[in-house]
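# Secondary and tertiary structure notes
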Amino acid sequence: MLPPNINPVDLGPSPAAPLPELPEHSSRGRLERVLRRGEFAVTAELNPPDSANPDDVYERVAHFDGWVDGINATDGSGANCHMSSVAICALLTRVGYSPILQISCRDYNRIAIQGNVLGAAALGVCNVLALTGDGVQSGDHPEAKPVFDLDSTSLLATIKKMRDDRTFLSGRKITDPPRLFLGAAENPFAPPYDWRALRLAKKVAAGAQYFQTQYCYDIPMLKSFMQKVRDMGTHEKCFILVGVGPLPSAKTARWMRSNVAGVHIPDDVIARLEGAENQKAEGIKLCIELIQQIREVEGVAGVHIMAYRQEESVGHIVQESGVLAGRQPFRRAFATAADSEMPPSSVATRQMM
Ligand SMILES: Cc1cc2nc3c(=O)[nH]c(=O)nc-3n(C[C@H](O)[C@H](O)[C@H](O)COP(=O)(O)OP(=O)(O)OC[C@H]3O[C@@H](n4cnc5c(N)ncnc54)[C@H](O)[C@@H]3O)c2cc1C
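Not measured: the values here are computed from a predicted model.

Let's shift gears to the site of the ligand. Lining the immediate surroundings of the ligand are 26 residues, of which Ser77, Leu131, Thr132, Gly133 and Ser152 lie closest. Mapped by element, the contributors of at least two residues to the shell around the ligand are strand E3 (99-104), strand E5 (181-186), helix H6 (193-206) and strand E6 (210-215). Ranked by the residues each element gives to the shell around the ligand, the list is headed by E6, at three residues. Class assignment for the residues of the shell around the ligand results in seven nonpolar, 14 polar and five charged.

Pasting the structure below:
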């Protein structure tokens, strides 16, 4: 309860106040609206700081302003310790951005996770990405105790239950449920390839409404995966955003291929970087070309840009790829205009599930 001398109205509306409800929408966030309108969506991963300074978050996110429909707050990715995803989301919603809360099951049990889900929704978070998470052995604290009380699929089912049935896993009632757009990760570029489309369908059955994939540097492999997804009809039941990222050098590409689990980079990509006069610029050019090719693959709904330590290149990549087709995602300077730009509920939107 607020002290008696403070009127809640005086606190004013939060800049992160979710948008008005729309029929058939699970959340009140921008990402779901953009996808259901059939527009090609762009999300970007924020490299979380190793500091307690909020400016480190705001400086990085400034590079995404006006270019993306959602900003991913990673959760101890690579099992390394950084600023927490819930805290980053709170900093972002406070200034009007649309974060995607990543939840890794490695570090919390179901009691902590459900509490965080309610808290994040109360802070204005509208999107979640449910992950099993990297194992502790891949990070900087290999002696940490892994939790894995849930995995990505049971986490999706848990949050869906909280949202749709208004209960915790225990069955206890939730008075005001979290209105969240539920996502998961998929990796079409790592074995077992034939199981990847099935795994995606399993996550859809558990509640996933959108996916963000691992880095794509192999278009034929993506096309083969999407063919399987289309054969199963799963592309009609979820939105698939394909992961991309600029490689800064052939050396980094080789390191990622050998050391980051699930990352597949073909030899010809590395050879192209190696042969370039300016490898960083070539990596950005390659990323732009990949986005343009990905956009043409049937069933793909958007791209997810993971520009590790190259946040400043995101605006250029999005602009040069042309995928926004003149559309202007949320920009702080035009916050009111951008929000009111949302179409009336009479505009046809894609309905699923
Ligand atoms: C976009 C994106 C963001 C990520 N962000 C984070 C993050 O913030 N924090 C973090 O810790 N990790 C993160 N990761 C890494 C991710 O958690 C691991 O790559 C994980 O191994 C696979 O994704 P998942 O968590 O959805 O696991 P799941 O799909 O639930 O898989 C869990 C494990 O089972 C294995 N598996 C899956 N399907 C099969 C199958 N059919 N047969 C045999 N084995 C199988 C997987 O390889 C994995 O080891 C991210 C990955 C992506 C693509």
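We are not done yet, so read on.
Running from N to C, helix H8 (residues 250-259) and helix H9 (residues 267-274) point in directions that differ by 155°, and their axes come no closer than 8 Å. Comparing their axes, H9 and H8 come out roughly antiparallel. Contact residues: H8 offers Ala250, Ala253 and Arg254, while H9 offers Val269, Ile270, Leu273 and Glu274. Split into classes, the residues belonging to the contact of H8 with H9 amount to five nonpolar, no polar and two charged.

How two helices sit against one another is set out by the angle between their axes and by the gap between those axes. Running from N to C, H6 and helix H7 (residues 219-232) point in directions that differ by 50°, and their axes come no closer than 9 Å. In terms of orientation, H6 lies oblique with respect to H7. Relative to H7, the crossing made by H6 is right-handed. Here Arg196, Ala197, Leu200 and Ala201 of H6 lie close against H7, whose contacting residues are Phe225, Lys228, Val229 and Met232.

What follows covers helix H10 (residues 279-295). Between the first and last C-alpha of H10 there are 24 Å, a value that for 17 residues agrees with the 24 Å anticipated at 1.5 Å per step. Among the residues making up H10, those that are buried are Glu282, Gly283, Ile284, Cys287, Ile288, Leu290, Ile291 and Ile294.

On strand E2 (residues 70-73), burial covers both faces: Gly70 and Asn72 on one face and Ile71 and Ala73 on the other are all buried. The parallel pair strand E1 (residues 41-46) and E2, bridged by helix H2 (residues 54-61), forms a crossover whose chirality is right-handed. Judged from the three bridges that link them, E2 and E3 form a sheet pairing that is parallel. Within the sheet, the bridge partner assigned to Asn72 lies in E3 and is Ile100.

Conventions used here
- Residues numbered from 1 in each chain as written.
- Predicted model: local features only at pLDDT ≥ 70, side-chain atom pairs only at ≥ 80, totals over all residues.
- Near = placed C-beta within 6 Å.
- Helix = DSSP H or I, 4+ residues; strand = E, 2+ residues; numbered from the N terminus.
- Nonpolar A, V, L, I, M, F, W, Y, C, P; charged D, E, K, R; others polar.
- Axes fitted to C-alpha atoms, helices over the stretch in contact; angles between N-to-C directions.
- Parallel < 35°, antiparallel > 145°, perpendicular 65-115°, else oblique.
- Contact = placed C-beta atoms within 7 Å.
- Left-handed = near helix turned anticlockwise from the far one by under 90°.
- Expected span 1.5 Å × (residues − 1).
- Buried ≥ 20, exposed ≤ 12 C-beta atoms within 10 Å, placed from the backbone.
- Right-handed = clockwise from strand over helix to strand, strands pointing away.
- Pairing = 2+ DSSP bridges.

It is worth stressing that arrangement in space is one thing and function is another; only the former is reported here.
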